[in-house]
Amino acid sequence: MVDIDPGKAVICKKCGKPMNLIVEAEKLSDGTRRITYYYKCSTCGYRLDIEQVFIGMERDAIVVKRVRRLVSS
Ligand SMILES: [Zn+2]
């Protein structure tokens, strides 16, 4: 499992270098916003998906759905 702790470096399991946390926000065609959290190694490009958050509107309510990826290291 990956521990999201900003004070602790996540090490790339391919090349052993520290990875950067990337937050990416996109707007999907139905208006839902998708926010993706992942670690990316700037040295070899290895990517480790952490979590996706979907934010959408349903009638008058804002619906937030979180999809967690359980990644074994
Ligand atoms: Zn790497």
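Anything mentioned here points back to the structure above.
Fair warning: this is a prediction, and the values are worked out from it, not measured in the lab.

> Could you clarify how one ought to interpret the side chain of Thr-32 in this entry?
Along the chain, the position of Thr-32 falls in the loop between strand E2 (18–27) and strand E3 (33–40). Within the local environment of Thr-32, its side chain forms a polar contact with the side chain of Asp-30, the two groups lying 3.0 Å apart. Discounting chain neighbours no more than four positions away, the residues touching Thr-32 are Glu-26, Lys-27, Phe-54, Ile-55 and Gly-56.

> Would you mind going over the coordination of the zinc ion with me for this structure?
Ideal values differ by geometry: the angle at a metal is 109.5 degrees with four tetrahedral donors, but 90 or 180 degrees with six octahedral donors. Protein-derived ligands of the zinc ion are Cys-12 (SG), Cys-15 (SG), Cys-41 (SG) and Cys-44 (SG), with the metal-ligand distances lying across 2.3 to 2.4 Å. What the 4 donor atoms of the zinc ion show is an angle range of 105 to 119 degrees at the metal, which sorts the shape as tetrahedral. For the zinc ion, the single-chain donor residues occur in sequence as C-x2-C-x25-C-x2-C. With Cys-12 in the loop between strand E1 (10–11) and E2 and Cys-41 in the loop between E3 and strand E4 (47–58), the pair connects residues that are 29 residues apart, well separated along the chain.

> Which parts of the structure should I look at to understand the pairing of E2?
Along any regular strand the residues' side chains alternate between the sheet's two faces. Of the strand pairs in this sheet, E1 and E2 are connected by 2 bridges, and their pairing is antiparallel. When the bridges of E2 are listed, Val-10 appears paired with Met-19. For E2 and E3, the ladder comprises 8 bridges, and the chain directions are antiparallel. Its bridge partner lying in E3, Glu-24 is registered against Thr-36. Following E2, the chain reverses through 5 residues before pairing antiparallel with E3; Gly-31 in that reversal takes a positive phi of roughly 95 degrees.

> Just to check I follow, could you spell out the sheet that holds E2 for this structure?
Backbone hydrogen bonds are what pair the strands of a sheet, in a parallel or an antiparallel way. Spatially, the 5 strands line up as an open sheet ordered E1-E2-E3-E4-E5, and their pairing is antiparallel. At either end of the open sheet lies a strand with only one pairing partner, and these are E1 and strand E5 (61–68). As paired strands, E4 and E5 are joined by 8 bridges and run antiparallel to one another. Residue pairing for E5: Gly-56 is matched across the bridge by Val-63.

> Is there a simple way to explain the pairing of E5 in this structure?
Where burial is concerned, little of E5 is hidden: 0 out of the 8 residues are buried. The turn linking E4 back onto E5 is made up of 2 residues, and Arg-59 within it adopts a positive phi angle of 55 degrees.

Parameters and conventions
Residues numbered from 1 in each chain as written. Predicted model: local features only at pLDDT ≥ 70, side-chain atom pairs only at ≥ 80, totals over all residues. Heavy atoms only, no water. Helix = DSSP H or I, 4+ residues; strand = E, 2+ residues; numbered from the N terminus. Polar contact = N/O pair within 3.5 Å; in protein donor to acceptor, adjacent residues only side chain to side chain. Contact = heavy atoms within 4.5 Å. Donors = N, O, S within 2.8 Å, 3.2 Å for Na, K, Ca; no water. Tetrahedral: all angles 85-135°; square planar, octahedral: opposite > 155°, others 65-115°. Pairing = 2+ DSSP bridges. Buried < 20%, exposed > 50% of the residue type's maximum accessible area, 1.4 Å probe, protein only.

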